[in-house]
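Each chain, written out:
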Amino acid sequence: MNILFTLLLSVQDRKFSGLSVKFRAVAFHTAITGSNSRLDEEAALPVRTHEMPVVRRSGQGVSRRGFLAVTGFTVAAALVGRSMARATAAPLADGEKVPALVIGSGYGGSVAALRLAQAGVEVTVVEMGKSWTTPGSDGNIFCPVLKPDGRSYWLRDRTDQPVGYFAGSSYNKDIERYTGVLDSERFSGIRVYQGRGVGGGSLVNGGMAVTPKRENFAAILPSVNADEMYNIYYPRANTGLGVNNIDQNWFESAECYQFARVGRKHAERSGFGWTFVPNVYDFEYMKKEQAEQVTRSALAGEVIYGNNHGKRSLDKTYLAAATATGKVRITPMHIVTAVSPAEGGYRVEMNEIDTSGATVATKAVVAQKVFFAAGSIGTSKLLVSMKAQGKLPDLPDAVGKKWGNNGNVMVGRANHMWDGTGVLQSSMPCLGIDNWADAGGPAFAEVAPFPAGLETYVSLYLAITKNPNRGQFTFDSGTGKVDLSWQTSQNQYSIDAAKRIFDKINKKEGTIYRTDLFGVYKTWGDDFTYHPLGGCVLSEATDNYGRLPGYTGLYVIDGSLIPGNTSVNPFVTITALAERNIENIVTSDL
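Rules used throughout
What you see as residue numbers is a count from 1 along each chain, following the sequence as written. Under the rules for a predicted model, residues below a pLDDT of 70 receive no local features and side-chain atom pairs below 80 are neither given nor counted, while totals for whole chains, interfaces and linings still include all residues. Side-chain measures here rest on the full set of heavy atoms in the structure, leaving out hydrogens and waters. Each nonpolar core is a collection of buried residues, namely Ala, Val, Leu, Ile, Met, Phe, Trp, Tyr and Cys, held together in the definition by side-chain atoms within 4.5 Å. Think of it in three bands: with a 1.4 Å probe and only protein chains considered, a residue is buried below 20% of the maximum accessible area for its type, exposed above 50%, and partly exposed in between. Secondary structure is summarised from DSSP: a helix means a run of H or I of at least four residues, a strand means a run of E of at least two, and numbering begins at the N terminus for each. Convention adopted: a line fitted to C-alpha atoms gives each axis, helices being fitted over their contacting stretch, and angles between N-to-C directions are expressed from 0 to 180 degrees. Each crossing is labelled by how the near helix is turned from the far one, with a counterclockwise turn of less than a right angle marking it left-handed and a clockwise turn marking it right-handed. Residue contacts follow a heavy-atom distance rule, with two residues in contact if any of their heavy atoms lie within 4.5 Å. In this classification, Asp, Glu, Lys and Arg are treated as charged, Ala, Val, Leu, Ile, Met, Phe, Trp, Tyr, Cys and Pro as nonpolar, and every other residue, Gly included, as polar. What pLDDT conveys is the predictor's confidence in a given residue, as a value from 0 to 100. The pairing criterion for strands is at least two bridges between them, as found by DSSP. In this analysis, rings of Phe, Tyr and Trp, with Trp reduced to its six-membered ring, are considered paired at centre separations within 6.5 Å, and the interplanar angle assigns stacked below 30 degrees, edge-to-face beyond 60, and tilted for intermediate values.

Draft legend 1. The nonpolar core, seen in detail. Counting 89 residues, the largest nonpolar core has Leu 101 and Phe 372 as its most contacted members. When residues in this core are grouped by element, the largest group, 9 residues, is from helix 13 (residues 571-589).

Draft legend 2. Highlighting the packing of helix 4 (residues 107-118) against helix 13. Running from N to C, helix 4 and helix 13 point in directions that differ by 35°, and their axes come no closer than 8 Å. Of the two elements, helix 4 crosses helix 13, and the hand of that crossing is right-handed. Facing Tyr 107, Gly 108, Val 111, Ala 112, Arg 115 and Leu 116 of helix 4, the residues of helix 13 in contact are Phe 571, Ile 574, Thr 575, Ala 578, Glu 579, Ile 582 and Val 586. Grouping the constituent residues of the contact of helix 4 with helix 13 by class yields 9 nonpolar, 2 polar and 2 charged.

Draft legend 3. Spotlight on the side chain of Ser 380. Mapped onto the elements, Ser 380 comes out in helix 11 (residues 375-388). Ser 380 gets classed as buried once you look at its relative accessible area, which sits at 0%. Apart from the residues lying within four places of it in its own chain, the contact partners of Ser 380 are Gly 375, Phe 473, Gly 534, Gly 535, Cys 536 and Ser 560.

Draft legend 4. Structural detail: the confidence of the model for the chain. For the chain, per-residue confidence averages 88 on the pLDDT scale, and 85% of positions sit at 70 or higher. Low pLDDT, under 50, characterises residues 1-82; the stretch is placed with 147 contacts to residues that sit more than four places away or in other chains.

Draft legend 5. Layout of the sheet that holds strand 9 (residues 191-195). In spatial order, the strands read 8-9-24; together these 3 strands make up an open sheet with mixed pairing. With one partner strand each, in any of the chains shown, strand 8 (182-186) and strand 24 (528-529) form the two edges of the open sheet.

Draft legend 6. Layout of the packing of aromatic side chains. Under the definition given, this model contains 22 aromatic pairs. Both rings, one in Tyr 230 and one in Tyr 234, keep their centres 4.8 Å apart while their planes meet at 55°; by these two values the pair is tilted. In this pair, Tyr 230 and Tyr 234 are both assigned in helix 6 (residues 226-241), 4 residues apart and thus about one turn of the helix distant. Per residue, the accessibility class of Tyr 230 equals that of Tyr 234, and both read buried. Measuring from centroid to centroid gives 5.7 Å for Phe 528 and Tyr 530, while their planes differ by 80°, and the two rings are edge-to-face.

Right, dumping it as structure tokens:
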């Protein structure tokens, strides 16, 4: 069953605040498309966002004023299924010449595509994964978490779940090999989970949309003006992403958040602070799930293999707005293999693949401007490879360095029988333990769900720490592949910081760690990350806005710009930084 959404987002929503949801959508449908054609009111999805100040800036030049006029955008895009179908209707042809090519459709790439299109640029987005718009034989686009099939993983014969064990044995399952939505990419010392498809990581993450504390920002991006980020670009990103907050009154009695209330209680009893966390999942839809009024998604455990309902992933927000301009074409199932200077810009070589991963065509196009948005792993690997192979030999030596895992480490605790975490659990976290004030090992710990469909008495956590250790990407000329030097032992810092929270909670509650979730006997999930960051660090591998020095028209605009840590879940920061950088690029380079 196709998911049909209409996006209603606005920084300047007051313009239509007196209208009903239906007529607000129709009003801006007319404003952005120039058409008064009927908008399907049943498909309208009202988006509730933070109350944020509307920041207006005077600009110089027509292009800057025009750009800023549309960056506080309200979009009632065409239905997402139709919009994405239009976007992929004309695949990229061998030998084409394009004004702007964006490699990747995750957070940075989606922002770049939208803002370039709004500035009048014809944009081609190349994505290695599928466009997830066609239902499978079960009528759903994405497969169930507890019954995974080929749709679950990227070209694997067996699932590789982050929490892959229970009661001493693996519950990974054999699956058909297919270009599924979640990639578990293995390096010598770490697995990195990444989204594969139009929308990138937004398809598979838990949706926690966290803006870092202001006092932590200087350590995250020291060359970036914090006032601008917090007054302009974070609000713009939160609006564009469709961030909303949980109804705290509903939370207190919601069956699906018993696990979070138990986690909060244990944190409070041990003297730790906690905070609610915004999300891009529609909490109003979740309320209806709880009441059994709509098809369940978060309450059916859907998350790492995609959500069939409720979630405002990029294909329903930024990319829907981008394709609605008529200037953005998305070409899925294409893997970029090389970028090199050419007359008129840059020659970009790529392989078109089928759902078995086999190459069915090789193509080369020339792009005047190329935006690297393949994520921390994809962008870093590609640029390191191009430098080593002499295709982009003058790239800075900083390319490939300062990669980090955002201090990720997971752990589970075994609760007493009177502290059950619930059979029904929302797959979307909404609460975290705040221990950033601990100078001995600051950390933020997401109270994570464990939606197994039965009472497990498990409290599960994803800790984000200020791990200072970093890895480096290197090219192996013998294999032609790029490896990452990160080793599991480098995560001991994160374990130690997490222990400062959970040792204390266990002592207070008289509980113990679970040792059966990450291996046959393994306490810490320390050998994987959901949050890869760095590898092409801002103001080191690039200028202060993502331009690659020595190569006019090459830009980096994704999480590889951030040196290894954001102190919280990173995608809002990636989006906000992309908003900042593309505004400067549009103003100065077009």
